[in-house]
Amino acid sequence: MADGEFSAYGLSHWLVLAVFAAGAAALVLAGRRQRGTPAERRLSRAFAVAVVAAVLVVQTYSVITVREVVNWIPLHLSDLAGPVAAYALWTRRPWPCALTYFWCLTLSTQALFFPVLTGPDFPSRTFVAFWGVHLLVIWAAVYLTWGVGRVPDWRGYWFSVTVTAGWAAVAMVFNAFAGTNYGYLNRAPESVSLVDVLGPWPWYVLSIVVLVLGVWALMTWPWTRGARQHAAATRA
């Protein structure tokens, strides 16, 4: 690793994790204090604007710096998570909130703990762009769920599974024709990631499918169980 290059679990990475924890706690507290008030709507929409602005800046930077035109296309789930999270924050409708919950708290957090980032360390533009968007979308999921109270149900689970399966099919076909690797569905990432312990391609893709179905179900069950218990207590 050259001097000045980003290193997973180096000092800058630990600082990012600290910023993430502090920001998540602050947003949860703000969301709970403002839940159901006009202030909640204003904060949610301001947050949505910040996410859109960050996504536009990062996408513009990618177009300027990436030479291959096919890699300009925002087809990674991390690319799609930003617009979806912004829409969820702006509208707080069930389906974008469900996608934000599942995508950002599982798939986007892989970047938080296993960052696929090669290049200069902080304060480079690459570093700021990578972490800026990932932190914002994960914060959005935390804020909407534990702050605002937009929790998932089984309808949101199956909707999210269906949308994600459709995305994977489109990405794999595009990868096959364009030689890209969106979603790391056609080959493993070069840097260390969770994929390394799931076997070679294509078996790791099947492992990820099973993991996603199981983990997302476990992430849904406590909320639906709590809702049933609350309904039963209300009827009693």
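Since the structure is predicted, the reported quantities are computational estimates derived from the model, not experimental observations.

A. Focus on the nonpolar core. By size, the foremost hydrophobic cluster in this structure holds 59 residues, and its most contacted members are F47, L89, L112, W131, W139 and W216. At the level of secondary structure, the elements contributing two or more residues to this core comprise α1 (11-34), α2 (38-65), α3 (77-91), α4 (94-113), α5 (125-148), α6 (154-178) and α7 (203-235). Ranked by residue count, the leading element in this core is α5, at 15 residues. Leaving out residues up to four positions away in the same chain, W139 has contacts with V19, F20, G23, A24, L27 and F47.

B. Spotlight on a nonpolar patch on the surface. On the surface, Y9, W14, F113 and F114 cluster together into a nonpolar patch covering about 410 Å² of accessible area. Here F114 lies in the loop between α4 and α5. On the basis of relative accessible area, F114 is assigned to the partly exposed category, the value being 33%.

C. Local environment of α1. Compared with an ideal rise of 1.5 Å per residue, which puts 24 residues at 34 Å, α1 spans 35 Å between its outermost C-alpha atoms and is within 8% of the ideal. All of the buried residues along α1 are S12, H13, V16, L17, F20, G23, A24, L27, V28, A30 and G31. Just downstream of α1, G36 is the residue with a positive phi angle, here 80 degrees.

D. Representation of α5. In a regular helix each residue adds 1.5 Å, so 24 residues correspond to 34 Å; α5 covers 32 Å between its end C-alpha atoms and thus fits that length. Burial analysis of α5 places 19 of its 24 residues in the buried class, which makes it a mostly covered element.

E. Just the pattern of salt bridges, in detail. Scanning the entire structure with this criterion turns up one salt bridge. Notably, a salt bridge pairs R92 with E40, separated by 2.7 Å at the nearest N-O pair. Placement of the pair is R92 in the loop between α3 and α4 and E40 in helix α2, with a sequence separation of 52 residues. The same class applies to R92 and to E40, which are both buried.

Reading the values: rules and limits
Residues numbered from 1 in each chain as written. Predicted model: local features only at pLDDT ≥ 70, side-chain atom pairs only at ≥ 80, totals over all residues. Heavy atoms only, no water. Core = buried A, V, L, I, M, F, W, Y, C linked by side-chain atoms within 4.5 Å. Buried < 20%, exposed > 50% of the residue type's maximum accessible area, 1.4 Å probe, protein only. Helix = DSSP H or I, 4+ residues; strand = E, 2+ residues; numbered from the N terminus. Contact = heavy atoms within 4.5 Å. Patch = residues over 30% accessible without salt bridge, like charges linked within 9 Å, V, L, I, M, F, W, Y side chains within 5 Å. Areas by Shrake-Rupley, 256 points an atom, 1.4 Å probe, with all protein chains shown as cover. Salt bridge = Lys/Arg side-chain N within 4 Å of Asp/Glu carboxyl O. Expected span 1.5 Å × (residues − 1).

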